[in-house]
Amino acid sequence: MLDTRELGRRPGSQRQVTRTVPAPPDLGIEVLKVTEGSPVELDLRLEAVMEGVLVTGTARAVLEGECARCLEPIEDDTEVTFQELFVYDDPAHRGDPDEDDEVSTLEDDLLDLEPLLRDAVVLALPFQPLCEDDCPGLCTECGVRLEDPDHSHEAPVDPRWAGLAALKEDSSTRSQD
Ligand SMILES: [Zn+2]
Ligand SMILES: [Zn+2]
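Residues numbered from 1 in each chain as written. Chains lettered and ligands numbered in written order. Predicted model: local features only at pLDDT ≥ 70, side-chain atom pairs only at ≥ 80, totals over all residues. Heavy atoms only, no water.

Trainee: Would you mind showing me how to read empty space enclosed by the protein here?
Mentor: Any empty space left between atoms is shown by rolling a water-sized probe over those atoms. Counting across every chain of the model gives 1 cavity of 30 Å³ or more. Size it by volume and the largest cavity reaches roughly 30 Å³. For the largest cavity, the full set of lining residues is Val34, Val40, Ala59, Arg60, Ala61, Thr78, Val80, Leu117 and Val121. A total of 3 residues in the lining of the largest cavity trace back to one element, the largest contributor, which is strand 6 (residues 52-66). Classifying every residue of the lining of the largest cavity gives 7 nonpolar, 1 polar and 1 charged. (1 Å grid on protein atoms, 1.4 Å probe; cavity = no way out; pocket = protein on both sides within 12 Å on 5 of 7 lines; lining within 4 Å. Points joined across faces, edges and corners; volume = space filled by probe spheres on them. Helix = DSSP H or I, 4+ residues; strand = E, 2+ residues; numbered from the N terminus. Nonpolar A, V, L, I, M, F, W, Y, C, P; charged D, E, K, R; others polar.)

Shown next, in the form of structure tokens:
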């Protein structure tokens, strides 16, 4: 909640606000979110306009989650920008209830940034967060992280098949020649 009283209601007046707030719960998506209570740095510009207060700002926070491919923990920074008009809560602006959902209103000169922040963060997040852009993921057979590009289960591990594997390797080498 941000108090806009100091801004006044004269159109054109502006105020720069910098503050750090604790992150609300579930800020983000299931696999990647801002840790609840961790600091979110807000850098805001409030501008009084005819209908209300225009808020433009950026928010910086640290994200934690896990890689969608290999499930390694991810820690990442995010910076999101947002802009929203908060209209003054006066009867003239109270239209039909459907419309009210779309419009952010100022209540007692306070503006609630949380829904705005929530939308901005969710929009900025990748649908499938990865630990690195080319994360190789996990082996579908044994579940290890595929860091070794030669990792494979084509060669039978059972020693009884070792001879056959050698034959196979031999023939594949020959066919490449
Ligand atoms: Zn990964
Ligand atoms: Zn494997």
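From this point, the discussion proceeds with the structure in view.
Trainee: How do you make sense of the confidence of the model for the protein chain when you look at a structure like this?
Mentor: Detailed reading of predicted coordinates is not advised where the pLDDT is low. Residues with a pLDDT of 70 or more make up 80% of the protein chain, whose mean pLDDT is 85. Across the protein chain, strand 5 (residues 39-48) holds the top mean pLDDT of 96, while helix 3 (residues 162-176) sits lowest at 56. (pLDDT = per-residue confidence, 0-100.)

Trainee: Would you mind showing me how to read the coordination of the zinc ion (ligand 1) here?
Mentor: Protein coordination of the zinc ion (ligand 1) is provided by Cys67 (SG), Cys70 (SG), Cys131 (SG) and Cys135 (SG), with donor distances spanning 2.2 to 2.3 Å. Metal-centred angles of 106 to 114° between the 4 donor atoms at the zinc ion (ligand 1) mark the site as tetrahedral. Between consecutive donor residues of the zinc ion (ligand 1), the sequence gaps follow C-x2-C-x60-C-x3-C. Taken as a pair, Cys70 in the loop between strand 6 and strand 7 (73-88) and Cys131 in the loop between helix 2 (114-124) and helix 3 lie far apart in primary sequence, 61 residues in all. Classification of Cys70 as buried rests on a relative accessible area of 6%. (Donors = N, O, S within 2.8 Å, 3.2 Å for Na, K, Ca; no water. Tetrahedral: all angles 85-135°; square planar, octahedral: opposite > 155°, others 65-115°. Buried < 20%, exposed > 50% of the residue type's maximum accessible area, 1.4 Å probe, protein only.)

Trainee: Explanation requested: the coordination of the zinc ion (ligand 2) in the structure shown.
Mentor: Ideal values differ by geometry: the angle at a metal is 109.5 degrees with four tetrahedral donors, but 90 or 180 degrees with six octahedral donors. Each protein donor to the zinc ion (ligand 2) is listed here as Cys139 (SG), Cys142 (SG), His151 (NE2) and His153 (NE2); together their distances run 1.9 to 2.3 Å. Considering all 4 donor atoms around the zinc ion (ligand 2), angles at the metal cover 98 to 115° and the coordination shape is tetrahedral. Motif for the zinc ion (ligand 2), donor spacing along one chain: C-x2-C-x8-H-x1-H. Residue Cys139 is found in the loop between helix 2 and helix 3, and its partner His151 is found in the loop between helix 2 and helix 3; the two are separated by 12 residues along the sequence.

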